[in-house]
Amino acid sequence: MVSRAEPSLSGRWWWSIDRVILTTLVALMVSGVVLLMAGGPPVAERLGLSTFHFVNRQVVYLLVALAIFLSTSLLAPRQVRRIALIIFLMSLAGVVGTLYFGVEVKGAKRWLTLGPLGSVQPSEFLKPAFVVLAAWAFAEGHRRPDLPGTIIAFLLLPITIVPLVLQPDFGQTILITLVWAGLFFVAGLHWFWVMGLGGIGAVGLFIAYELVPHVRARIERFMDKGSGDTFQVDTALESFAQGGWFGKGPGEGTVKRILPDAHTDFIFAVTAEEFGIVVCMVLVLLFAIIVLRALFVAQRAEDPFVRLGVTGLALLFGIQAAINMMVNLHMMPAKGMTLPFISYGGSSLISLALGTGFLLALTRKRPRAESLSETGRRP
């Protein structure tokens, strides 16, 4: 046990970190490896790979993610902003690069091949960086009316989502827009503008439905199963029915063997079949604890940037989890979005480590004088 009087960096970190969020995040990371042992092998065998190919790669990704997660959680708010700016610029350049050099998968260019590093999805890293910068801009607009912080926050949204729409990646676009709208509301702007933004979003969705065949097909399949191939969603629902409350047991699932994305988008359904709805509810509880605890800490923060940053990162984490689980339960059209720390994927896992590392850094307890000095004020 580290003493409170311990002056080292690790000692200060341990006594300042939010241990509720930290413990729950680590529980999700461990759960992800365990659950991937259920969803990964069937997909690996279908592709002619070794049985635990995806599990072994996920463990390697997780080690890298843990290093990023822990080192990022040591940062001060000012350092979080600076690193987020660098990551945002690099990721945005990467997203634009996918339009010209990206690998096309299922009609969308979202991946860049970086030689020995393999394929990278730049939009994953764009998300947490965007949230931090938007929170920073809204906070500056609130703190210093003479600066165009709110205007910058407004400009950040189209700069970020236009390249995503062109890929096209409407799932990430919707996620980023929802989080931005949440920050817009928390920043204290009037409900009239929030409703106006909702109307613009509805118009944008209608235009996408009319002009983009990919979006039209997904919405129509969601509304009418007879309008197209709904094999994955139907199979996912069958997994819930087969698993019941307590599941068939580890390794006993059968529906997962014909589920194409059992290790990524539909791992929640695999969890239901083998471990039961009870374990699915425990996962939901873990996600809820992280989001609610973060929002509770944000509510008590004096620094506007910390309050908005924590809120935005919590919304990003929670909404992504909710979208994935709702797709598995056929409560919304398929989005191709991973379940945080549970689904397989290097870009997703490292991006989540970065975002939750930022979250832990901003929720750390700091002396009031230090918190005020971060925004240029004095106690």
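The following paragraphs examine the structure supplied in this document. (Residues numbered from 1 in each chain as written. Predicted model: local features only at pLDDT ≥ 70, side-chain atom pairs only at ≥ 80, totals over all residues. Heavy atoms only, no water.)

What follows covers the overall build of the protein chain. Helix and strand counts for the protein chain come out as 14 helices and 3 strands. Summarising the internal contacts of the protein chain: among those between residues at least 6 apart in sequence, 70% fall at separations of at least 24. Of the roughly 17,600 Å² of accessible surface on the protein chain, a fraction of 69% belongs to carbon and sulfur atoms. (Helix = DSSP H or I, 4+ residues; strand = E, 2+ residues; numbered from the N terminus. Contact = heavy atoms within 4.5 Å. Areas by Shrake-Rupley, 256 points an atom, 1.4 Å probe, with all protein chains shown as cover.)

Here we take up the pattern of salt bridges. Tallying each qualifying case throughout the model produces 5 salt bridges. Here Glu124 and Lys127 are joined by a salt bridge, their closest N and O atoms 3.0 Å apart. Here Lys127 and Glu124 lie together in helix H5 (residues 122-143), a separation of 3 residues that amounts to about one turn. With a relative accessible area of 2%, Lys127 lands in the buried category. Between Lys256 and Glu274 there is a salt bridge whose closest N-O contact spans 2.3 Å. One end of the pair, Lys256, is in the loop between helix H10 (231-243) and helix H11 (267-300); the other, Glu274, is in helix H11, with 18 residues separating them in the sequence. Classification of Lys256 by relative accessible area gives buried; the value is 4%. (Salt bridge = Lys/Arg side-chain N within 4 Å of Asp/Glu carboxyl O. Buried < 20%, exposed > 50% of the residue type's maximum accessible area, 1.4 Å probe, protein only.)

Here we take up a nonpolar patch on the surface. A cluster of nonpolar side chains, namely Trp245, Phe246, Val278, Met281 and Val282, defines an oily patch on the protein surface of about 570 Å² accessible area. Mapped onto the secondary structure, Trp245 falls in the loop between H10 and H11. (Patch = residues over 30% accessible without salt bridge, like charges linked within 9 Å, V, L, I, M, F, W, Y side chains within 5 Å.)

A few words on the sheet that holds strand S2 (residues 108-113). A sheet is described by the order of its strands in space; here 3 strands give the open sequence S1-S2-S3, paired in antiparallel fashion. What marks the edges here is a single partner per strand, and that holds for strand S1 (103-105) and strand S3 (119-120). Where S1 lies against S2, 3 bridges are found, and the strand directions are antiparallel. When the bridges of S2 are listed, Glu104 appears paired with Lys109. (Pairing = 2+ DSSP bridges.)

All right, on to the packing of helix H6 (residues 149-166) against helix H7 (residues 170-186) then. Direction vectors running N to C along H6 and H7 enclose 170°, while the axes themselves pass 9 Å from each other. As far as their axial angle goes, H7 and H6 are roughly antiparallel. Across the interface between the two elements, Ala153, Phe154, Leu157, Thr160, Ile161, Leu164 and Val165 of H6 pack against Phe170, Gln172, Thr173, Ile176, Thr177, Trp180 and Phe184 of H7. By residue class, the composition of the contact of H6 with H7 is 10 nonpolar, 4 polar and no charged. (Axes fitted to C-alpha atoms, helices over the stretch in contact; angles between N-to-C directions. Parallel < 35°, antiparallel > 145°, perpendicular 65-115°, else oblique. Nonpolar A, V, L, I, M, F, W, Y, C, P; charged D, E, K, R; others polar.)

A general trend in soluble globular proteins is that nonpolar side chains are found buried together. Among the nonpolar cores identified, the biggest contains 97 residues, and Leu28, Phe130, Phe317 and Phe358 are the most heavily contacted of them. The element contributing the most residues to this core is H11, with 13 residues. Leaving out residues up to four positions away in the same chain, Phe317 has contacts with Leu25, Leu28, Phe287, Ile290, Val291, Pro340, Phe341, Leu352 and Thr356. (Core = buried A, V, L, I, M, F, W, Y, C linked by side-chain atoms within 4.5 Å.)

Here we come to empty space enclosed by the protein. Inspection of every chain in the model, using the stated rule, returns 1 cavity of 30 Å³ or more. Lining the largest cavity, in full, are Glu124, Lys127, Pro128, Leu313, Leu316, Phe317, Gln320, Ser351, Leu352, Gly355 and Thr356. Within the residue set of the lining of the largest cavity, elements represented by two or more residues are H5, helix H12 (304-328) and helix H13 (346-363). (1 Å grid on protein atoms, 1.4 Å probe; cavity = no way out; pocket = protein on both sides within 12 Å on 5 of 7 lines; lining within 4 Å. Points joined across faces, edges and corners; volume = space filled by probe spheres on them.)

Okay, helix H1 (residues 9-16) next. Listed in full, the buried residues belonging to H1 are Gly11, Trp13 and Ser16. As for H1, its buried residues are in contact with helix H2 (19-46), helix H3 (53-72) and H13.

Sequence-wise, Lys256 and Pro41 are 215 residues apart; in three dimensions their C-alpha atoms are separated by 9.8 Å. Those residues in contact with Lys256 that sit more than four places away from it in its chain are Ala38, Pro42, Arg46, Gly251, Ala262, Val270, Glu273 and Glu274. From its side chain, Lys256 meets the backbone oxygen of Ala38 in a polar contact 2.9 Å long. (Polar contact = N/O pair within 3.5 Å; in protein donor to acceptor, adjacent residues only side chain to side chain.)

Mapped onto the elements, Thr363 comes out in helix H13. Residue class for Thr363 comes out buried when judged on its relative accessible area of 6%. A distance of 2.9 Å separates the side chain of Thr363 from the backbone oxygen of Leu359, its partner in a polar contact. A distance of 3.2 Å separates a polar side-chain atom of Thr363 from the backbone oxygen of Leu360. Setting aside its immediate chain neighbours within four residues, Thr363 contacts Ser16, Asp18, Ile21, Val297 and Val310.

This paragraph deals with the environment of Val278. By the element assignment, Val278 lies in helix H11. With 33 residues separating them in the primary sequence, Val278 and Trp245 have C-alpha atoms 5.6 Å apart. Ignoring sequence-local partners within four residues, the contact set of Val278 consists of Trp245 and Phe246.

Further remarks concern the environment of Gly188. If you trace the backbone, Gly188 turns up in the loop between H7 and helix H8 (191-211). Once the C-alpha coordinates of Gly188 and His142 are considered, the two residues, 46 residues apart in sequence, prove to be 8.6 Å apart.

The subject of this paragraph is the packing of aromatic side chains. For any two aromatic rings, the description comes down to two numbers: the centre-to-centre distance and the angle of the planes. The tally for this structure, following the rule as stated, stands at 11 aromatic pairs. Relative to Trp180, the ring of Phe154 lies with its centre 5.3 Å away and its plane at 80°, an arrangement referred to as edge-to-face. Taken together, the residues Phe154 in helix H6 and Trp180 in helix H7 connect sequence positions 26 residues apart. When the ring of Phe287 is compared with that of Phe317, the centres are 5.7 Å apart and the planes differ by 50°; the resulting orientation is tilted. Within this pair, whereas Phe287 is found in helix H11, its partner Phe317 is found in helix H12, the two being separated by 30 residues in sequence. An identical accessibility class is assigned to Phe287 and Phe317; each is buried. In this arrangement the basic side chain of Arg81 is found over the ring face of Phe305, its NZ or CZ atom lying 4.8 Å from the centre. (Phe/Tyr/Trp six-rings, centres within 6.5 Å; stacked < 30°, edge-to-face > 60°. Lys NZ or Arg CZ within 6 Å of the ring centre and 35° of its normal.)

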